[in-house]
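Spelled out from the first residue to the last, the chains are:
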Amino acid sequence: MLVLGIESSCDETAAALVRDGREVLSNVVASQVATHRAFGGVVPELASREHLRNIGYVVRQALREGGCTLGEVDGIAVTQGPGLIGSLLVGVSYAKAMAWASGKPLVPVHHVEGHIFSAFIENPGIEYPLLALTVSGGHTSMIHAPRPGEYEIIGRTRDDAAGEALDKIAKFLGLGYPGGPVIDRLARDGDPRRFPFSIPKISDGRLDFSFSGFKTAALRHIAEAGIRPVRPGAPAPRVVLDLVASYQRAIVDTLIGQVKKAEARLMPRSLLLVGGVACNSLLRESFRKTFESRERPVRVYIPSPAYTTDNAAMIAAAATPRFGRSPALDLALNASASLPLGG
Ligand code: KG4
Ligand code: ZN
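Just so it is clear, the structure is predicted and the values come from calculations on it, not from any experiment.

Visitor: What is the right way to look at the overall build of the protein chain in this model?
Guide: Counting secondary structure elements, the protein chain contains eleven helices and ten strands. Judged by the C-alpha coordinates and their principal axes, the protein chain covers about 65 × 45 × 35 Å. Classification of the 343 residues of the protein chain by burial places 55% in the buried group. In the protein chain, 74% of the contacts between residues at least 6 apart in sequence involve partners at least 24 apart. Of the roughly 14900 Å² of accessible surface on the protein chain, a fraction of 53% belongs to carbon and sulfur atoms. Once the 38 positive and 33 negative side-chain charges of the protein chain are each reduced to a mean point, those two points are 3 Å apart.

Here you go:
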């Protein structure tokens, strides 16, 4: 089963060729970071235009690098949502047109299900039930999947996504965009105990997350310590290294704390850490350390960085088991900015 995946939900135009859901023949990602950097965040209208400019080239490149023609592909998979509507429309329209012109089946994929399947590419034997922590610039949620294709959201952020919380403070400190990778790097030289952050208590029994309190506390620490934004190209002073290390530590601790509670409640066989923030070195290390040392055996899966940030290989992998079931092209298929998972 050879699947061409297409992803355009946010600011990455991506296409990939994947055989049997695990053998990645090509994985092309055109990043728009340079376009949005000047604004310190994704500008939806600019993102749609960049997708339009890039999609043809990216898909052709994925076919070329994979050494295949469209005729050799068994099916096409595309991210239907959630995401920025203008961005999603580019991928969905392109995929529908390709499927119609070539007579290939088209399977729509939920972006978060794609992130979950990113772990299956390198580990096809992942066992259910599974619990996935999905952390990115747009999402922060915990998904429980008792069996394939069945998803239950057992916790989600009540305000910012984890990546967004990192990006916003990095922007405020003049550290560049996207801020997550910069904070990851700078925090290695900082003292994570210097600035206190109290972990919010969510008392209604849900396993939700909240990061806005950390952001407010960080802004207070910045004001009280008289921290000024770092000038472009200048080295970050010690106080900034300590602040971002403390802030990152608080975010990682809150993520791990909620997964611990969910893991104890649901006792999954597999634990997945996926999404762009799963690139974070402290989160990867803490996640492994916390859950691999358990007495009860639970297997931990964290994809390689190329599959944690937005990509189309994960979309192709998620669609692969579904081709047998929905082969006909549904011309009414449309993008959905707020597509529910499993709906
Ligand atoms: O999954 P993704 O590529 O796009 C969305 O679906 O949002 O995730 C992007 C997010 C950004 O917020 C970025 O700052 C964050 O992932 N990120 C990181 C790291 N690499 C990317 N956050 C922390 N540490 C990293 N190393
Ligand atoms: Zn994503």
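Visitor: Whenever I open this one, the domain arrangement of the protein chain confuses me. Can you help?
Guide: Where the parts come together, the accessible area they lose is often given as the size of the interface. Per the domain assignment, the segments making up the protein chain are domain 1 (2-116 + 307-322) and domain 2 (128-268). Taken over C-alpha atoms, the centre of domain 1 sits 27 Å from the centre of domain 2. Each partner contributes to the interface: domain 1 provides 14 residues, whereas domain 2 provides nine residues. In total, about 960 Å² of surface goes out of reach between domain 1 and domain 2, with carbon and sulfur atoms giving 71% of it. On the domain 1 side of the interface with domain 2, the three residues burying the most area are Gly40, Val112 and Ile116, jointly 45% of the side's total.

Visitor: Where do I start with the coordination of the zinc ion (ligand 2) in this structure?
Guide: Between any two of four tetrahedral donors, the ideal angle at the metal is 109.5 degrees; between two of six octahedral donors, it is 90 or 180 degrees. Within the protein, His111 (NE2), His115 (NE2) and Asp310 (OD) serve as the donor atoms for the zinc ion (ligand 2), at 2.1 Å. Angles of 93 to 150 degrees at the metal separate the four donor atoms of the zinc ion (ligand 2), which places the site in the irregular class. Spacing between the donor residues of the zinc ion (ligand 2) along their common chain follows H-x3-H-x194-D. Of the two residues, histidine 111 is situated in helix α4 (residues 111-122) and aspartate 310 in the loop between α10 (305-308) and α11 (313-319); the sequence distance between them amounts to 199 residues.

Visitor: Would you mind showing me how to read the site of ligand 1 here?
Guide: Of all residues adjacent to ligand 1, which total 19 residues, the nearest are Gly137, Gly138, Asp167, Asp184 and Gly276. Note that an oxygen atom of ligand 1 is positioned 3.4 Å from one of the side-chain N or O atoms of serine 136. Here an oxygen atom of ligand 1 sits 2.9 Å away from a polar atom, N or O, in the main chain of glycine 137. For ligand 1, whose accessible area on its own is 550 Å², the fraction buried by protein is 90%. Every element with two or more residues in the shell around ligand 1 is listed here: α4, α5 (162-172) and α6 (179-187). Here the shell around ligand 1 is built from residues that sort into five nonpolar, ten polar and four charged.

Visitor: How do you make sense of unusual backbone geometry when you look at a structure like this?
Guide: Peptide bonds are, in most cases, trans, and in most cases residues other than glycine have a negative phi. With an omega of -10 degrees, the peptide bond running from glycine 81 to proline 82 counts as cis. Following tyrosine 177, the chain continues into proline 178 via a peptide bond in cis, with omega recorded as -10 degrees. Along the polypeptide, proline 178 turns up in the loop between α5 and α6. Look at aspartate 20: it is not a glycine, yet its phi comes out positive at around 55 degrees. Tracing the sequence through the fold places aspartate 20 in the loop between β2 (12-19) and β3 (23-31). We classify aspartate 20 as partly exposed; its relative accessible area is 42%. For methionine 267, which is not glycine, the phi dihedral falls at a positive 45 degrees. Mapped onto the elements, methionine 267 comes out in the loop between α8 (238-266) and β9 (270-274).

Here is what the cut-offs are and how they apply
- Residues numbered from 1 in each chain as written.
- Chains lettered and ligands numbered in written order.
- Predicted model: local features only at pLDDT ≥ 70, side-chain atom pairs only at ≥ 80, totals over all residues.
- Heavy atoms only, no water.
- Helix = DSSP H or I, 4+ residues; strand = E, 2+ residues; numbered from the N terminus.
- Buried < 20%, exposed > 50% of the residue type's maximum accessible area, 1.4 Å probe, protein only.
- Contact = heavy atoms within 4.5 Å.
- Areas by Shrake-Rupley, 256 points an atom, 1.4 Å probe, with all protein chains shown as cover.
- Lys, Arg positive; Asp, Glu negative; His and termini not counted.
- Charge placed at Lys NZ, Arg CZ, Asp CG, Glu CD.
- Domains from an automatic or database assignment.
- Buried area = accessible area lost by both parts, 1.4 Å probe.
- Donors = N, O, S within 2.8 Å, 3.2 Å for Na, K, Ca; no water.
- Tetrahedral: all angles 85-135°; square planar, octahedral: opposite > 155°, others 65-115°.
- Near = heavy atom within 4 Å.
- Polar contact = N/O pair within 3.5 Å; in protein donor to acceptor, adjacent residues only side chain to side chain.
- Nonpolar A, V, L, I, M, F, W, Y, C, P; charged D, E, K, R; others polar.

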